[in-house]
Amino acid sequence: MQLTVRVVAAGAGPRPAPGTPVRVEVRDVTEQDAASVLVAGVDAEAVDDGTRTIATVAVDAPDDLLASTADLVVWARVAVSGAERTSHADLVSTQSVAVPRDPATPEVDLPVVAI
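Source: prediction; values computed, not measured.

Considering the side chain of Thr 20
So, step 1. Along the chain, Thr 20 turns up in the loop between strand S1 (2-9) and strand S2 (21-28).
So, step 2. Apart from the residues lying within four places of it in its own chain, the contact partners of Thr 20 are Ala 44, Glu 45, Ala 46, Val 78, Ala 79 and Val 80.

Below, the structure written as structure tokens:
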């Protein structure tokens, strides 16, 4: 299933400049005491469209995992710092946003906050 993810600014803080790198990932978090497993990921760039939306991306969520009992969530990072790894000043998702299993609703809003 192709999932549309809208990465949105959660607060009224500063917005990233257009072109800032954005990474969106689908992760399997079924095992609670283990590291999550990367299932799919896509890179994009921030835009300034006058709304809270930072980027809109399409991610392919594997149908076989959607049909299973796997717990899939969406995660995002807006690399404001320019660093390779998550760093101070970046925007990241801090809420667990589940991948919808219903193909009739393949869209989610994913809020990100400054860390």
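From this point, the narrative continues.
A short note on the environment of Gln 32
So, step 1. Mapping Gln 32 onto the fold places it in the loop between S2 and strand S3 (37-45).
So, step 2. A relative accessible area of 74% means that Gln 32 is categorised as exposed.
So, step 3. Separated by 34 residues in sequence, Gln 32 and Leu 66 place their C-alpha atoms 18 Å apart.

A word on the nonpolar core
So, step 1. Val 5, Val 7, Val 22, Val 24, Ile 54, Val 74 and Val 99 are the most contacted members of the largest nonpolar core, which totals 28 residues.
So, step 2. Contacts of Val 22, omitting those with residues within four sequence positions, involve Val 7, Val 42, Asp 43, Ala 44, Glu 45, Ala 46, Ile 54, Ala 55, Arg 77 and Val 78.

Procedures and definitions
Residues numbered from 1 in each chain as written. Predicted model: local features only at pLDDT ≥ 70, side-chain atom pairs only at ≥ 80, totals over all residues. Heavy atoms only, no water. Helix = DSSP H or I, 4+ residues; strand = E, 2+ residues; numbered from the N terminus. Contact = heavy atoms within 4.5 Å. Buried < 20%, exposed > 50% of the residue type's maximum accessible area, 1.4 Å probe, protein only. Core = buried A, V, L, I, M, F, W, Y, C linked by side-chain atoms within 4.5 Å.

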